[in-house]
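Residues per chain are reported as follows:
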Amino acid sequence: MVRIILWLLAAWLVITVLGAVIEGVFWLAVIGGVLFLGTAAYGAIKSNKRPKGIKGP
């Protein structure tokens, strides 16, 4: 699960940077930023729900 979240964060970061660098696709930066923040929040919430001392898959 952590790997999937890290891959998504990397993908959203690339999309955000491309949207910021290439003129005319600023909307891509906005969408990438929103998705990045959403994925980071989801990962933080999921990691806090796991009981301490128990390793997940």
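Look above for the structure.
Nothing here was measured: the structure is a model prediction, and the numbers come from that model.

**Observations regarding the overall build of the chain**
Phase 1 of the analysis: Check the secondary structure of the chain and you find 2 helices and 0 strands.
Phase 2 of the analysis: The buried share of the chain, taken over its 57 residues, is 16%.
Phase 3 of the analysis: Only carbon and sulfur atoms are counted for the fraction: they give 75% of the accessible area of the chain, which is about 4700 Å².

**A closer look at helix α1 (residues 2-21)**
Phase 1 of the analysis: Relative to the 28 Å expected for 20 residues at 1.5 Å per residue, α1 spans 29 Å between its end C-alpha atoms, a close match to the ideal helical length.
Phase 2 of the analysis: By the burial criterion, the buried members of α1 are I5, L9, W12, T16 and G19. Projection of α1 onto a plane perpendicular to its axis shows the buried side chains occupying an angular sector of 95°, all on one side. Projecting away from the buried face of α1 at angles above 90 degrees are the exposed residues R3, L6, W7, V14 and V21.
Phase 3 of the analysis: Among the structural elements, α2 (26-49) are those in contact with the buried residues of α1.

**Observations regarding α2**
Phase 1 of the analysis: The first and last C-alpha atoms of α2 sit 35 Å apart over 24 residues, in line with the 34 Å expected at 1.5 Å per residue.
Phase 2 of the analysis: Of the positions making up α2, those classed as buried are A29, G32, T39 and G43.
Phase 3 of the analysis: Buried positions along α2 lie against α1.

What counts and what doesn't
Residues numbered from 1 in each chain as written. Predicted model: local features only at pLDDT ≥ 70, side-chain atom pairs only at ≥ 80, totals over all residues. Heavy atoms only, no water. Helix = DSSP H or I, 4+ residues; strand = E, 2+ residues; numbered from the N terminus. Buried < 20%, exposed > 50% of the residue type's maximum accessible area, 1.4 Å probe, protein only. Areas by Shrake-Rupley, 256 points an atom, 1.4 Å probe, with all protein chains shown as cover. Expected span 1.5 Å × (residues − 1). Arc of directions from axis to C-beta. Contact = heavy atoms within 4.5 Å.

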